Amino acid sequence: MGPEHTGELNSTHADSHSNHSRWHSLSSRPHDNSLYSITRRSSPRKPLAFAIILALTASAVQAKVSQEEAAMLGKTLTPMGAKMAGNPDKTIPAWTGGITSLPPNYSPDQHPVDPFKSDTPLFTIDSNNYTQYQDKLSPGQVALFQTYPNWKMKIYPTRRSASYPQYVYDATRRNATNSTLNESGYGVKNAIVGTPFPIPKSPIEMIYNHTMRWRSERVNREITQAVPTVGGAYTPVTFKESILFDYNSKTATPEQIDQSNILFHFKQEVTSPARLAGSILLVHETLDQQREPRRAWIYNVGQRRVRRAPNVSYDNPGTASDGMRTADNFDMFNGSPDRYEWKYVGKKELYIPYNSYALLDSKLSYDDILLPGHINPEHTRYELHRVWQIEGTLKKGINHLYSKRVFFLDEDTWQIAIADHYDGRNKLWRVAEAHMINFYQIPNPWLTLEVLYDIQARRYLALGLTNNKPPYDFNPPLTERDFLPSSLRRQGLR
């Protein structure tokens, strides 16, 4: 049975360090103002007991879901594996299919309009009353109330709006009885399109549910990132991004994905400010990063050359982030989870950002949203949802800026909704929030804005602002040829 029905999951303890990974020892790092920071790291010695541990855990990581368990999908469980029923006090309703039709005032040439605009807040949590609700807040959210006197969370009625195309549900049902982790425990086999582990057996499977969650087949988008100073000043950095989700292709097979080992193709061009414009990052995201680390290249506009970027991963600085996020902070978490020992903590109810359509309003300027210390809480929406809580502790002898990470995954989407990050002293350091919506024209639950708060520096990074940008294009004519390294220099010269 899955964790929701057995009460616990297996912890994954295999040390699956990749020979290709680069490491370096540091307890703190100064902010990096460059676009990219590439550092060489020495490789630690792989523990001698690795093979023994791997043999002991192989049967657990490759456990499959029975036909009887899978039959619960679409009955007592949603097609994605969430509990279909609401909670006993009815503050969380039953899932009844999510958003299945377009709002009457929606137009394809604009951002998704808010289908719940008539909702009014049930109550507001602020720095004066947050202790009354502490059992439904993450430690990071509690820290935000303690750090910022003006921080608040307006709590709205819970709308379980998540919905997906039927073929995604069908694929998820097939994955339930076929998908397995690979021999190392860090990679997925025999899965395609849908959630690989809708009835998960381990916390590692939950992480792959997040990193492999369905986000359409392809997309072009233009988004803005801002990193305000303590006083609130910021310089917007705008990206043009193209993503081809190979794993999500209707025509792909598990065998093809296993052979290519490509989860998705990603290209990101900086278009402003002028001092950074023209630089391009290209990533071929590998599914099994033990077998092959992600492939990455950078086009440097000053040098007019393309070079490999092997360290666009783990805790290296994110693009133009002023040292305020790591590469694996992007999309709340990405890449291999192999640096941490993971355990399942439990399932709980939490107030999380949800149906955050107000943050897309084209009438808002970035100044309306970006305040000193935190984004403007007048434009946010929080709801009570059930989340899976998992905790990762940095392995002994392994280095990363974060000594511990705690993820809270929304049960309906497998999106990491809240992530609490701890520093080398095991002190709470950064708190990430995913402000989600359903791009119902697909339909496609995905975040529209991710915010990473540094409560020690009292700064934050906001990524995904689109108020003055066109809506996402979920049907661009992208092919693998658009993501060849040879195309970067031609694109940079245009």
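My aim in this report is to walk through the structure given alongside it, one point at a time. (Residues numbered from 1 in each chain as written. Predicted model: local features only at pLDDT ≥ 70, side-chain atom pairs only at ≥ 80, totals over all residues. Heavy atoms only, no water.)

**Observations concerning the overall build of the protein**
Line of reasoning, step 1. Each helix and strand counted, the protein has 9 helices and 17 strands in total.
Line of reasoning, step 2. A buried classification covers 62% of the 494 residues belonging to the protein.
Line of reasoning, step 3. Accessible area of the protein: about 19,500 Å², with a carbon and sulfur share of 50%. (Helix = DSSP H or I, 4+ residues; strand = E, 2+ residues; numbered from the N terminus. Buried < 20%, exposed > 50% of the residue type's maximum accessible area, 1.4 Å probe, protein only. Areas by Shrake-Rupley, 256 points an atom, 1.4 Å probe, with all protein chains shown as cover.)

**A closer look at the side chain of His-435**
Line of reasoning, step 1. Its place among the elements puts His-435 in strand β15 (residues 428-438).
Line of reasoning, step 2. Excluding anything up to four places from it in sequence, His-435 contacts Pro-353, Ser-356, Leu-359, Ile-375, Thr-380, Tyr-382, Leu-447, Thr-448, Leu-449 and Val-451. (Contact = heavy atoms within 4.5 Å.)

**A closer look at unusual backbone geometry**
Comment: phi is negative for the bulk of residues other than glycine, and the bulk of peptide bonds are trans.
Line of reasoning, step 1. Between Ser-272 and Pro-273 the backbone carries a cis peptide bond, its omega angle lying at 5°.
Line of reasoning, step 2. Here Pro-273 is to be found in the loop between β7 (262-272) and β8 (280-286).
Line of reasoning, step 3. Cis geometry is adopted by the peptide bond preceding Pro-443, which originates at Ile-442 and carries an omega value of -5°.
Line of reasoning, step 4. With respect to the helices and strands, the residue Pro-443 is situated in the loop between β15 and β16 (445-454).
Line of reasoning, step 5. The backbone of Met-332 shows a phi angle near 75°, a positive value even though the residue is not glycine.
Line of reasoning, step 6. As for its placement among the helices and strands, Met-332 is situated in the loop between β10 (305-308) and β11 (340-353).

**A short note on the pairing of strand β13 (residues 404-410)**
Consecutive side chains along a regular strand alternate between the two faces of the sheet.
Line of reasoning, step 1. Among the 7 residues in β13, 7 count as buried, and that is most of the element.
Line of reasoning, step 2. The alternating pattern of β13 places Lys-404, Val-406, Phe-408 and Asp-410 and Arg-405, Phe-407 and Leu-409 on opposite faces, both of which are buried.
Line of reasoning, step 3. Note: strand β12 (residues 382-394) against β13, 7 bridges, orientation antiparallel. What sits directly across from Gln-389, in β13, is Phe-408.
Line of reasoning, step 4. Direction of pairing for β13 relative to strand β14 (residues 416-422): antiparallel, over a ladder of 6 bridges. Looking across to β14, one finds that Arg-405 is bridged to His-421.
Line of reasoning, step 5. Between β13 and β14, which pair antiparallel in sequence order, lie 5 residues; one of them, Trp-414, sits at a positive phi of approximately 65°. (Pairing = 2+ DSSP bridges.)

**What about helix α6 (residues 203-211)?**
Side chains that are three or four residues apart share a direction in an α-helix, a result of its 3.6 residues per turn.
Line of reasoning, step 1. Of all 9 residues that make up α6, 9 are buried, and the element is covered over most of its length.
Line of reasoning, step 2. Taken as a whole, α6 has its buried residues at Pro-203, Ile-204, Glu-205, Met-206, Ile-207, Tyr-208, Asn-209, His-210 and Thr-211.

**Brief notes about the packing of aromatic side chains**
Line of reasoning, step 1. Enumeration according to the criterion identifies 25 aromatic pairs in this entry.
Line of reasoning, step 2. Taking the centre distance of 5.6 Å and the plane angle of 70° together, the rings of Trp-151 and Tyr-453 count as edge-to-face. Here Trp-151, found in the loop between α4 (139-147) and β2 (152-155), pairs with Tyr-453, found in strand β16; they are 302 residues apart in sequence, far enough to count as distant. As far as burial versus exposure is concerned, Trp-151 and Tyr-453 are alike and both buried.
Line of reasoning, step 3. Ring geometry for Tyr-167 versus Trp-214: centroids 6.2 Å apart, planes at 85°, classification edge-to-face. (Phe/Tyr/Trp six-rings, centres within 6.5 Å; stacked < 30°, edge-to-face > 60°.)

**With respect to the nonpolar core**
Line of reasoning, step 1. The biggest cluster of nonpolar side chains holds 123 residues, and the ones touching the most others in it are Ile-125, Met-153, Leu-370 and Trp-446.
Line of reasoning, step 2. Considering every element that reaches this core, the biggest residue donor is β15, with 7 residues. (Core = buried A, V, L, I, M, F, W, Y, C linked by side-chain atoms within 4.5 Å.)

**Topic: the pattern of salt bridges**
Line of reasoning, step 1. Under the defined criterion, the tally for this structure stands at 25 salt bridges.
Line of reasoning, step 2. Between Asp-331 and Arg-215 there is a salt bridge whose closest N-O contact spans 2.9 Å. Here Arg-215 lies in the loop between α6 and β5 (218-226) and Asp-331 lies in the loop between β10 and β11, a separation of 116 residues in the sequence. We note that Asp-331, like Arg-215, is buried.
Line of reasoning, step 3. A salt bridge links Asp-454 to Arg-430; the shortest N-O distance between them is 3.6 Å. Remark: Arg-430 occurs in strand β15 and Asp-454 occurs in strand β16; sequence separation between them is 24 residues.
Line of reasoning, step 4. The class of Asp-454 is buried, set by a relative accessible area of 3%. (Salt bridge = Lys/Arg side-chain N within 4 Å of Asp/Glu carboxyl O.)

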